[in-house]
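Coordinate inspection notes
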Amino acid sequence: EPCVVAVKHANPCGIGTAESIFDAYIKAYEADPVSIFGGIVALNREVDAATAAEIGKIFIEIVIAPDYTEDALEILKQKKNIRILKLPDIALPNKKEMLDMKKVAGGLLVQEFNEGVYDESELQFVTDARPTKEQLRDLLFAMKAVKHTKSNAIVLARGGATAGVGPGQTNRITALELAIKYAGGKAAGAVMASDAFFPFSDCVEAAAAAKISAIIQPGGSIRDKDSIDACNKYGIPMVFTGRRHFKH
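Residues numbered from 1 in each chain as written. Predicted model: local features only at pLDDT ≥ 70, side-chain atom pairs only at ≥ 80, totals over all residues. Heavy atoms only, no water.

Regarding the overall build of the chain
Each helix and strand counted, the chain has seven helices and 13 strands in total. Relative to its length of 248 residues, the chain is compact, with a C-alpha radius of gyration of 19 Å against a globular reference of 18 Å. Viewed in the frame of its principal axes, the chain has a C-alpha envelope of about 55 × 45 × 30 Å. Across the 248 residues that make up the chain, the buried fraction comes to 47%. Of the contacts made within the chain by residues no fewer than 6 positions apart, 46% connect residues no fewer than 24 positions apart. Put simply, the chain shows about 12800 Å² of open surface, and 53% of that area lies on carbon and sulfur atoms. Averaging the positions of the 30 positive and the 31 negative side-chain charges in the chain gives two centres separated by 4 Å. (Helix = DSSP H or I, 4+ residues; strand = E, 2+ residues; numbered from the N terminus. Rg over C-alpha atoms; globule rule 2.2 N^0.38 Å. Buried < 20%, exposed > 50% of the residue type's maximum accessible area, 1.4 Å probe, protein only. Contact = heavy atoms within 4.5 Å. Areas by Shrake-Rupley, 256 points an atom, 1.4 Å probe, with all protein chains shown as cover. Lys, Arg positive; Asp, Glu negative; His and termini not counted. Charge placed at Lys NZ, Arg CZ, Asp CG, Glu CD.)

Here it is in structure tokens:
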């Protein structure tokens, strides 16, 4: 589906999906209108003039899309110091045979590529309350987003858009607190995704205090029951995927 991702310092700061690429961009921008400034915007549909005009309202370093209309290209080319990249295959899925490489002193670390996110048939509904259809849709969207956020990571989302992103923290509760801070008033009613399990119930307690409506996480902690009990206490539905995603 049409999707726009705003990236800042290798982390997503706003992601939006919608029926049109214009509406997807508006969602991505409104997710965090502060952090997107000076960032990268990637779109998976041709950029039209209306979308280009919106992008042109702020300073963006790089725009990446499969194509651009002539009018859109002319609008973007008026911006100073912008890099406009055309990547026709941007929407293609990653291939299983791809390798992931990370530079280290004296060489490279090479590993298989993490091409999966979750398997819907393996989802576990572990709490008394179950997510609504709309919540589940947002939970799965949030899990896709958090997979591509540096660990430890928490993503809040609602209505096909991120509400707050907490990336790259040394503990999970701080990642959640950062996501809640970015979300502000949008945290209430949003869903939450975590890229790895909760070692304690503190994240559920903080989520309840912020009025977060549902949670998705891999599960697998020896203290999963603490988080499940806390969710049941506050009536928050929680889903386990069985798959962790550490991006370092």
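What to know about the sheet that holds strand 2 (residues 11-17)
Strand order in the open sheet formed by five strands is 2-1-3-4-5, and the pairing between neighbours is mixed. The outermost strands of the open sheet, each flanked by one partner alone, are strand 2 and strand 5 (83-86). In this sheet, neighbouring strand axes are inclined to one another by 15° on average, regardless of whether the strands run parallel or antiparallel. Relative to strand 4 (residues 62-65), strand 3 (residues 40-43) runs parallel, the two sharing three bridges. (Pairing = 2+ DSSP bridges. Axes fitted to C-alpha atoms, helices over the stretch in contact; angles between N-to-C directions.)

Brief notes about the packing of helix 6 (residues 202-209) against helix 7 (residues 224-234)
A pair of packed helices is characterised by two quantities: the angle between their axes and the separation of those axes. Look at helix 6 against helix 7: their axes get within 8 Å of each other, and the N-to-C directions meet at 20°. In terms of orientation, helix 6 and helix 7 fall into the roughly parallel class. When the axes of helix 6 and helix 7 are compared, the crossing they make is right-handed. When helix 6 is examined against helix 7, the residues Val204, Glu205 and Ala208 are found in contact with a partner set consisting of Ser227, Ala230, Cys231, Lys233 and Tyr234. Taken together, the residues of the contact of helix 6 with helix 7 break down into five nonpolar, one polar and two charged. (Parallel < 35°, antiparallel > 145°, perpendicular 65-115°, else oblique. Left-handed = near helix turned anticlockwise from the far one by under 90°. Nonpolar A, V, L, I, M, F, W, Y, C, P; charged D, E, K, R; others polar.)

Overview of the environment of phenylalanine 22
Here phenylalanine 22 is to be found in helix 1 (residues 21-31). With a relative accessible area of 26%, phenylalanine 22 lands in the partly exposed category. Sequence separation of phenylalanine 22 and glycine 106 is 84 residues, and the distance between their C-alpha atoms is 45 Å. Look past the residues within four positions of phenylalanine 22 in its chain and what remains in contact with it is Ala50, Thr51 and Glu54.

What about a nonpolar patch on the surface?
Taken together, the side chains of Leu99, Met101, Leu108 and Val110 define a hydrophobic patch exposed on the protein surface, amounting to about 410 Å² of accessible area. Elements with a contribution of two residues or more to the nonpolar patch: strand 6 (99-104) and strand 7 (107-112). With respect to the element layout, methionine 101 can be found in strand 6. (Patch = residues over 30% accessible without salt bridge, like charges linked within 9 Å, V, L, I, M, F, W, Y side chains within 5 Å. Salt bridge = Lys/Arg side-chain N within 4 Å of Asp/Glu carboxyl O.)

A look at the nonpolar core
Buried together is how nonpolar side chains tend to be arranged in soluble globular proteins. Among the nonpolar cores identified, the biggest contains 27 residues, and Ile154, Leu156, Leu176, Met192, Phe198, Ile212 and Ile215 are the most heavily contacted of them. Contributing elements (two or more residues each) for this core: strand 9 (154-157), helix 5 (172-183), helix 6, helix 7 and strand 13 (238-240). Ranked by residues supplied to this core, first place goes to helix 5 with six residues. Not counting residues within four places of it along the chain, the set of residues in contact with isoleucine 215 comprises Leu139, Met192, Phe198, Val204, Ala207, Cys231, Ile236, Pro237, Met238 and Val239. (Core = buried A, V, L, I, M, F, W, Y, C linked by side-chain atoms within 4.5 Å.)

Some thoughts on the environment of phenylalanine 113
Note on placement: phenylalanine 113 falls in the loop between strand 7 and strand 8 (124-125). Each C-alpha atom, one on phenylalanine 113 and one on aspartate 100, is 5.1 Å from the other, the two residues being 13 residues apart in sequence. Apart from the residues lying within four places of it in its own chain, the contact partners of phenylalanine 113 are Asn94, Met98, Leu99 and Asp100.

With respect to unusual backbone geometry
Along the chain, serine 151 connects to asparagine 152 via a cis peptide bond; the corresponding omega equals -5°. Checked against the element boundaries, asparagine 152 lands in the loop between helix 4 (133-147) and strand 9. Here the phi dihedral of alanine 10 falls at roughly 70°; this positive angle occurs in a residue that is not glycine. When you line up the elements, alanine 10 lands in the loop between strand 1 (3-8) and strand 2.

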